[in-house]
6 protein chains.
Amino acid sequence: MQLAHLNWQEAEKVLADPETLVVIPVGSTEQHGSVGPLGTDWLIPQELCRRLDGRMEKLLIAPVIPFGVATHHINFPGTIDLGLETMIKVMGAVFESLYRHGARRFAVINGHGGNDPAIEKAALEMYRRGSQVTLVNWWGIAPKLNPDWPTGHGDAQEAAAVMAFAPELVKSEWLVDNVVTPPSADFKQLHINTVLFEGAPVKVIREIRDTVNTGGLGGLESKFATREWGVAMMDGVTDWMVRYLEAFRRIDLPKKHWD
Amino acid sequence: MQLAHLNWQEAEKVLADPETLVVIPVGSTEQHGSVGPLGTDWLIPQELCRRLDGRMEKLLIAPVIPFGVATHHINFPGTIDLGLETMIKVMGAVFESLYRHGARRFAVINGHGGNDPAIEKAALEMYRRGSQVTLVNWWGIAPKLNPDWPTGHGDAQEAAAVMAFAPELVKSEWLVDNVVTPPSADFKQLHINTVLFEGAPVKVIREIRDTVNTGGLGGLESKFATREWGVAMMDGVTDWMVRYLEAFRRIDLPKKHWD
Amino acid sequence: MQLAHLNWQEAEKVLADPETLVVIPVGSTEQHGSVGPLGTDWLIPQELCRRLDGRMEKLLIAPVIPFGVATHHINFPGTIDLGLETMIKVMGAVFESLYRHGARRFAVINGHGGNDPAIEKAALEMYRRGSQVTLVNWWGIAPKLNPDWPTGHGDAQEAAAVMAFAPELVKSEWLVDNVVTPPSADFKQLHINTVLFEGAPVKVIREIRDTVNTGGLGGLESKFATREWGVAMMDGVTDWMVRYLEAFRRIDLPKKHWD
Amino acid sequence: MQLAHLNWQEAEKVLADPETLVVIPVGSTEQHGSVGPLGTDWLIPQELCRRLDGRMEKLLIAPVIPFGVATHHINFPGTIDLGLETMIKVMGAVFESLYRHGARRFAVINGHGGNDPAIEKAALEMYRRGSQVTLVNWWGIAPKLNPDWPTGHGDAQEAAAVMAFAPELVKSEWLVDNVVTPPSADFKQLHINTVLFEGAPVKVIREIRDTVNTGGLGGLESKFATREWGVAMMDGVTDWMVRYLEAFRRIDLPKKHWD
Amino acid sequence: MQLAHLNWQEAEKVLADPETLVVIPVGSTEQHGSVGPLGTDWLIPQELCRRLDGRMEKLLIAPVIPFGVATHHINFPGTIDLGLETMIKVMGAVFESLYRHGARRFAVINGHGGNDPAIEKAALEMYRRGSQVTLVNWWGIAPKLNPDWPTGHGDAQEAAAVMAFAPELVKSEWLVDNVVTPPSADFKQLHINTVLFEGAPVKVIREIRDTVNTGGLGGLESKFATREWGVAMMDGVTDWMVRYLEAFRRIDLPKKHWD
Amino acid sequence: MQLAHLNWQEAEKVLADPETLVVIPVGSTEQHGSVGPLGTDWLIPQELCRRLDGRMEKLLIAPVIPFGVATHHINFPGTIDLGLETMIKVMGAVFESLYRHGARRFAVINGHGGNDPAIEKAALEMYRRGSQVTLVNWWGIAPKLNPDWPTGHGDAQEAAAVMAFAPELVKSEWLVDNVVTPPSADFKQLHINTVLFEGAPVKVIREIRDTVNTGGLGGLESKFATREWGVAMMDGVTDWMVRYLEAFRRIDLPKKHWD
């Protein structure tokens, strides 16, 4: 059920139930390669939550947080960046507010890796107050379900996922090949900041726009995305999540460490 | 069009167009009296933006911001409070990001009065950089269109508005009469913090939960809400907004005051 | 009595008395139209406190806070702006310090509407710790005492008030008529950010200096101010405040919500 | 002249004059030993500014800042502590606002040593933007004018100064002898945090209330204060300041270092 | 050469040289499993810098930063945690200060993964001002040089590294086997927050002390550490770094994006 | 013993011992006149701690903090400035982390006067939680041991101290005479911001680089430094510190004031 659809008396009852699992979808509004929509990172978690909602009991879904830490992407038009410090505060405020009303089990369904440090920092505070928090990065699960579903930013995996529920948002007419520009000819660009030098990884921190023309990087190029992949992957990830969240819900709450 | 649905190349084009008007729906997730859903304050702006989208050209709609300044409401379960300082930062980040990409005309469609100081502070910064920002509080417009549509928090006006597009979210089975407890018998409680003493207004700052049992306060009680009111009001407000936003779009941009 | 005039042993005794009411005069140093002095917003609260001091028992008056949130006025010479975040911290520090020493009843006598969000945020914290705080905006009381005493920024009401106790500070030789420039011909400018479009209010956030030549706006123009008005109004407001503050003092303290 | 007494047009003229010297009186509301009033630290700078106002041209006096960094004193009733970080922001806001309007020469007349780091930090920013700022701690000047006027916190020097203009605020009926409790018998307590061990100074950071019963420390005890001392000292310090501020006003402005 | 060993005139010359590469060793003071010293994370970068210093020209080595983001480790005695926000500020201050003096090429030699988000955020700011920054996490390089040198926190890899230059700090007498406690029997604990559920990774955020008795986790247990491994690995990593840093130094500086 | 050299189990034991004294060496990386190395302010405390370590039991030495508040020095190349607010946070984090693990007695061995306000603020928090903290500024002790060892910034005293343990870092080939430029001919420059006017002290806040060519100021010029002085002074200060720290260790802990 959607938190936003309850009134406060209903929320009171749900939040007082120790089995309730609060699910917080989080993403980012940022460039997603040549064909992915700017909302990719929050549209997918929103869709996953919609699916979970139909299949699990006692799930309380918070409004999706559509902005995150997109500092490296800000040079691409349409990107919105909260910055790391503000994202820590936003995540903390959401956790704290619900904790105050009784929530003790939280699952963050996240669509953007740049949010991890902010979520983990805020989550650890919750743990110390006697809660359990899990951070579910869907893109990391998919390749374990099927090695043909590799991850990357603004690449085929995300485009395929969006195709599963909103195919019109993946605009093949904009498709161009990625042109990657590593810091120099001595390096191979692997991911956003990560390069290989003689086969070993190191980070060279740059604007992504100086690194890859489309903004997409790290996985299979978007041209390999198909709706079939997306449908199978979203189904697979949802199934996994249902099983996972039930297992997570059964973890004992920790003792309070401090306030 | 939805910003989240564009890819960055489309956003680049739209944001470079000096006639583009960026619309930012903002609200809060907080108690809304005995029958209103927690999402009232952002669901209504989201619905208004949906309607505007179908009727105006060159409108770029940002993802809805579902959280705001709800400090006075936090004692009611389900309420999420970002706090004033964090809300200033969130609004600033959204404005700044889009400004960087060329946006110069912004309309904030707001569903929650407590957000005003944060929005206005962030907006003034934009003005100083050569932009125009308008803050549209829909609830204040309605009573001018029809005096039978008075405003208030968690009251009939908001319930009626939600009935227009999601009647199932207004739960009449929870309806109870408001019991208002002023600070003492010497006072008449007018609105959240505002009381009358001998007919003159003054503020006594309290938790709303100590003031009114349902949380709704300031207007007509929720029991007077009807779907007919809501439909007429949402239509009326939308019509007004269409005319207003076209007029706003034609305002000259200010000179830059400073960076 | 003035807090600043006591030694700490006297303050200890006064602050331990549960009937003591702490009065905090707050204002702003900012433009006040063509004839009003920059200190208008704190000189009036200071004068009101002086009058209250002579008429009420167990009133502990804090030093006047002469600066506030004047962000919209900063383009007018002589204006000093603390900004919203710093004002929240200043108000919080004053409340917290006195709370620590036993104060539980606070009345903020405020001369500047822009301070309200900061005062209310800090005040709510105090309420949660078991205190009562009232925010008294004198300018809103006057029109209820006499409809001929309408309010506005840098206008006749404030000028009249200053004339009551420091007539030499209202400089009629600088008097010019207000020339108001709304955002465009489609709008009627009502107050600092508020305009009317087809009779309904909306905010267009601008520098005041771009809106009105003198800076005064919202009420009766300063040329209508008279000393007689000011004297009667200050007397009337003081009388009302004496009765009000005694009523406020009798409100029960809330239970502590949290620390 | 008082900034608060000017209207903005007058302020505009004064602040545009390169010879104008802005004077900012700053203090603290905090315990001042057994007989000194809580306002000692700002009442004295306010009085000094009043005297300077009558003797110098082109002096623009800001409203007195009655609160400062009083963290070590907060355990004494009546003390108000802004804390170091907030005081940095307050000082910065006052400087910045006036700088924006043209002020380039600032003299801070300070009554409280704990404010120094905040003032100096904010002042250095001004210097870098092409201004000159002086910090005048009156209590350090007096002993150079007359070695019989030694300094200390909440001691005879400050009591004498207050006696010069408000003798009724120094309450001899509360006079008790200081009982100083050093950290242990191995130490001699010299000043607030400073102790001597084998004749060499080191700091042991404690609450002042645990160090000295009255809160006064560091100089001659308050019982030695006389009105004659105060009158002669205030006259002497004022005379010195008049000469000093004229010399300060003639210092060349620095080139801008950065913004 | 060590920055701290130069005087400012020497530093001026070195920092003005466009070929100068500033090296900043960073770590953490935190638990390192059963046998690793608390300083592991900064002692290793310090040692690597010492070695680089002897082999490369125009290397300017900043003082080692011995504290970092150790929030997850704070329950283990001796751990010092700056927290993410303060670490961002510290890294920013170091970069900014040296940038002001002319530095444009920076290599952060980091010993603690938790510092990455802070370093990357501060580094991106530098890039935008026309600098190049690399973040070198030595532990990630080693396994690429030799697959028998796998990484992990507080495990054999770090213990071996310390054995190479300070074998007395690795205290085998404290060696106990790791006892790992996953959130529940449904999970396999992989790394600090990362667990596997049905083979796919997800994060469950907990205090490390609740996860593993020794604090060491993620790689080969410390009992497998040998001095030989350490010596070979430190030599190999140093050699790689020498080649890498020379390649990094030759990367073109970016154009300034913004200030 | 060095905290960084212990493992966490050893640290647990040491920090649980109520007699343990935690020693925190702190300094700054900043200009030190014509011949002093940039690390002067932290190299000396580090050396003093090394000496104490060999002579006292139950001394737990934290890693040296090599950066501090150097805002006034930032115009000299090689200077690194954390700024006052960040230094408060760093000191607070170090104290808090160790307090959490049981430490209650702290001695900060400081090499830089600009750090005092940050250290004292953080230290007072510790006192309020039941700890004792001392701030030992070595340069102020030396002149009391021998009046021929006068203090000053970047002058002979510091150069002599460094000569005692690292004579090669004091580079006589760079020696030039100080040329001091007071704000105007009316003033005598005494120390960084302090000038004399007619014999009385006042502060004029300027960049040091505009005040003295070398950056050294306030004491005896560096040319008078000798290794003999340094050796005798470091020995004398160490001896004094040994006696002092034992006396400090015997001070009773305060009761907790608040958390």
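Small disclaimer: the values here were computed from a predicted structure and weren't measured.

So what about the interface of chain F and chain E? Which residues, and what values?
With 51 residues of chain F in contact, the opposing surface of chain E contributes 52 residues. Of the roughly 4100 Å² buried where chain F meets chain E, counting both sides, 68% is carbon and sulfur surface. When the buried area of chain F at its contact with chain E is split by residue, W8(F), P77(F) and W174(F) rank highest and sum to 16% of it. Viewed at the interface, chain E and chain F are joined by four salt bridges. We note a salt bridge from K171(E) to E10(F), for which the minimum N-O separation is 2.8 Å. Linking chain F with chain E are 28 residue pairs in polar contact (both at pLDDT 80 or more), by the criterion used here. Looking at the side of chain F that touches chain E, the elements with two or more residues in it are α1 (8-16), α2 (40-55) and α3 (84-100) of chain F.

Please set out the packing of aromatic side chains residue by residue, giving values where relevant.
Throughout the structure, instances matching the rule amount to 48 aromatic pairs over all chains. R129(E) extends its terminal NZ or CZ atom over the ring of Y99(E), reaching a point 5.9 Å from the ring centre.

So what's going on with the relation of the copies chain F and chain D? Which residues, and what values?
The transform that puts chain F on chain D rotates by 180° and translates by 0.0 Å along the axis, for an RMSD of 0.0 Å. In the structure described here, the two chain copies are related by an operation that fits a two-fold rotation axis. A shared binding surface is used by both copies, with 100% of the interface residues of chain F retained as interface residues in chain D.

Describe the arrangement of the chains, naming the residues involved and giving the relevant values.
A minimum C-alpha distance of 18 Å separates chain A and chain D, which share no contact. Contact between chain C and chain E is absent, and the minimum C-alpha spacing across the pair is 18 Å.

Which residues make up the sheet that holds strand β3 (residues 105-110) of chain A, and what values do they have?
Sheet architecture is open: seven strands sit in the order β2(A)-β1(A)-β3(A)-β4(A)-β7(E)-β6(E)-β5(E), paired in mixed fashion. In the strand order of this sheet, the two ends are held by β2 (59-61) of chain A together with β5 (188-189) of chain E, each with one partner. Of the strand pairs in this sheet, β5(E) and strand β6 (residues 194-197) of chain E are connected by two bridges, and their pairing is antiparallel. Pairing of K188(E) across the sheet is with L196(E), part of β6(E). Here helix α8 (residues 227-249) of chain A sits on the sheet and contacts β1 (21-26), β2, β3 and β4 (132-137) of chain A together with β6 and β7 (200-205) of chain E; the angle it forms with β4(A), its principal contact strand, is near 165°.

Which residues make up helix α1 (residues 8-16) of chain B, and what values do they have?
When we look at burial in α1(B), the residues that qualify are W8(B), Q9(B), E10(B), A11(B), V14(B) and L15(B). If you follow the buried residues of α1(B), they end up packed against α7 (208-211) of chain A together with β1 (21-26), β2 (59-61) and α3 (84-100) of chain B.

So what's going on with helix α6 (residues 156-165) of chain E? Which residues, and what values?
Residues and elements named next belong to chain E. Burial analysis of α6 places nine of its 10 residues in the buried class, which makes it a mostly covered element. Taken together, the buried positions of α6 are A156, Q157, E158, A159, A160, A161, V162, M163 and A164. Buried residues in α6 make contact with α2 (40-55), α5 (138-145) and α8 (227-249).

Before we move on, can you summarise the relation of the copies chain F and chain E with the specific residues and values?
The two copies are related by a screw operation: chain F maps onto chain E through 180° of rotation and 0.0 Å of translation along the axis, at an RMSD of 0.0 Å. Here 100% of the contact residues of chain F are again contact residues in chain E; the copies associate through an equivalent surface.

Give me the lowdown on the interface of chain F and chain D, citing residues and values where you can.
Chain F puts 50 residues into the contact, and the matching count from chain D is 50 residues. Between chain F and chain D lies a buried interface of about 4500 Å² when both sides are counted; carbon and sulfur atoms form 61% of it. The tally of links from chain F across to chain D stands at 12 salt bridges. The interface formed by chain F and chain D holds 26 residue pairs in polar contact (both at pLDDT 80 or more) in total. Mapped by element, the contributors of at least two residues to the side of chain F that touches chain D are α3, α4 (116-128), β4 (132-137), α5 (138-145), β7 (200-205) and α7 (227-249) of chain F. Looking at which element gives the most residues to the side of chain F that touches chain D, the answer is α4(F), with eight residues.

Please provide a residue-by-residue account of the domain arrangement of chain A, values included.
Residues and elements named next belong to chain A. Structurally, chain A comprises domain 1 (1-172 + 219-248) and domain 2 (178-211). Just the C-alpha atoms count here: the centres of domain 1 and domain 2 sit 27 Å apart. Tallying the contact residues gives 10 residues for domain 1 and nine residues for domain 2. When domain 1 packs against domain 2, the two sides together hide about 840 Å² of surface, and 51% of this comes from carbon and sulfur. If you look at where domain 1 meets domain 2, you find zero salt bridges.

So, the sheet that holds β1(B): which residues are in play, and what are the values?
Across the sheet, seven strands lie side by side as β2(B)-β1(B)-β3(B)-β4(B)-β7(C)-β6(C)-β5(C); this open sheet has mixed pairing. Of all strands in the sheet, those with a lone pairing partner are β2 of chain B together with β5 (188-189) of chain C, marking the two edges. Across five bridges, the pairing between β1(B) and strand β3 (residues 105-110) of chain B is parallel. Note on β3(B): the bridge partner recorded for V23(B) is A107(B). With respect to the sheet, helix α5 (residues 138-145) of chain B is in contact with β3 and β4 (132-137) of chain B together with β7 (200-205) of chain C, its orientation differing from that of β4(B) by roughly 65°.

Describe in detail the environment of D155(D), supporting the description with residues and values.
Residues and elements named next belong to chain D. When you line up the elements, D155 lands in the loop between α5 (138-145) and α6 (156-165). Overall, D155 belongs to the buried group, its relative accessible area being 2%. As for D155 and S34, which are separated by 121 residues in sequence, their C-alpha atoms are 8.6 Å apart. Beyond its immediate sequence surroundings of up to four residues, D155 is in contact with N178, G216, L217, G218, G219, L220, E221 and S222. A distance of 2.7 Å separates a polar side-chain atom of D155 from the backbone nitrogen of G219.

Explain the pattern of salt bridges to me, and be specific about the residues and the numbers.
Should their charged atoms come close, side chains of opposite charge can pair. By the definition in use, this model includes 109 salt bridges over all chains. Taking the shortest distance from any N to any O, the salt bridge between D116(E) and K203(A) comes out at 3.2 Å. Of this pair, D116(E) sits in helix α4 (residues 116-128) while K203(A) sits in strand β7 (residues 200-205), on two different chains. Judged on exposure class, the residue D116(E) and its partner K203(A) are both buried. Of the charged contacts in the structure, one is a salt bridge between E96(D) and R129(D), with a shortest N-O distance of 3.1 Å. Of the two residues, E96(D) sits in helix α3 (residues 84-100) while R129(D) sits in the loop between α4 (116-128) and β4 (132-137), which places them 33 residues apart along the sequence. Look at the salt bridges and you will find they share partners, linking E96(B), E125(B), R128(B), R129(B) and E207(C) into a network.

Reading the values: rules and limits
- The residue numbers shown here count from 1 along each chain, following its written sequence.
- Just so you know, chain letters begin at A and ligand numbers begin at 1, following the order they were written in.
- Local features in this predicted model are restricted to residues whose pLDDT is 70 or higher, and side-chain atom pairs enter the listing and the counts only when it is 80 or higher, whereas totals over whole chains, interfaces and linings include all residues.
- As a rule here, side-chain values come from all non-hydrogen atoms in the structure, and water together with hydrogens is ignored.
- Only heavy atoms matter for contacts: two residues are in contact if any of them lie within 4.5 Å across the pair.
- Accessible-area loss on putting two parts together, using a 1.4 Å probe and summing over both, is the definition of buried area adopted here.
- Put simply, a salt bridge is a Lys or Arg side-chain nitrogen that is within 4 Å of an Asp or Glu carboxyl oxygen.
- N or O atoms closer than or at 3.5 Å make up a polar contact, with two conditions inside protein: a donor-capable atom paired with an acceptor-capable one, and, for residues adjacent in sequence, both atoms drawn from side chains.
- Working definition: helices are DSSP H or I runs of at least four residues, strands are E runs of at least two. Numbering for both runs from the N terminus.
- Aromatic rings from Phe, Tyr and Trp, taking only the six-membered ring of Trp, are treated as a pair when their centres fall within 6.5 Å; an angle between ring planes under 30 degrees marks them as stacked, one over 60 as edge-to-face, and anything in between as tilted.
- By the criterion adopted, a ring carries a charge over it if an Arg CZ or a Lys NZ lies within 6 Å of its centre and within 35 degrees of its normal.
- Superposition of the copies used a least-squares fit over C-alpha atoms from residues whose pLDDT is at least 70 in both.
- Pairing between strands is defined by DSSP: at least two bridges between the two strands are required.
- Interaxial angles span 0 to 180 degrees and are taken between N-to-C directions of axes, which are lines fitted to C-alpha atoms, for helices over the stretch in contact.
- Exposure classes here rest on a 1.4 Å probe applied to the protein chains alone. A residue is buried below 20% of its type maximum, exposed above 50%, and partly exposed in between.
- Segment limits for the domains were obtained from an automatic or database-derived domain assignment.

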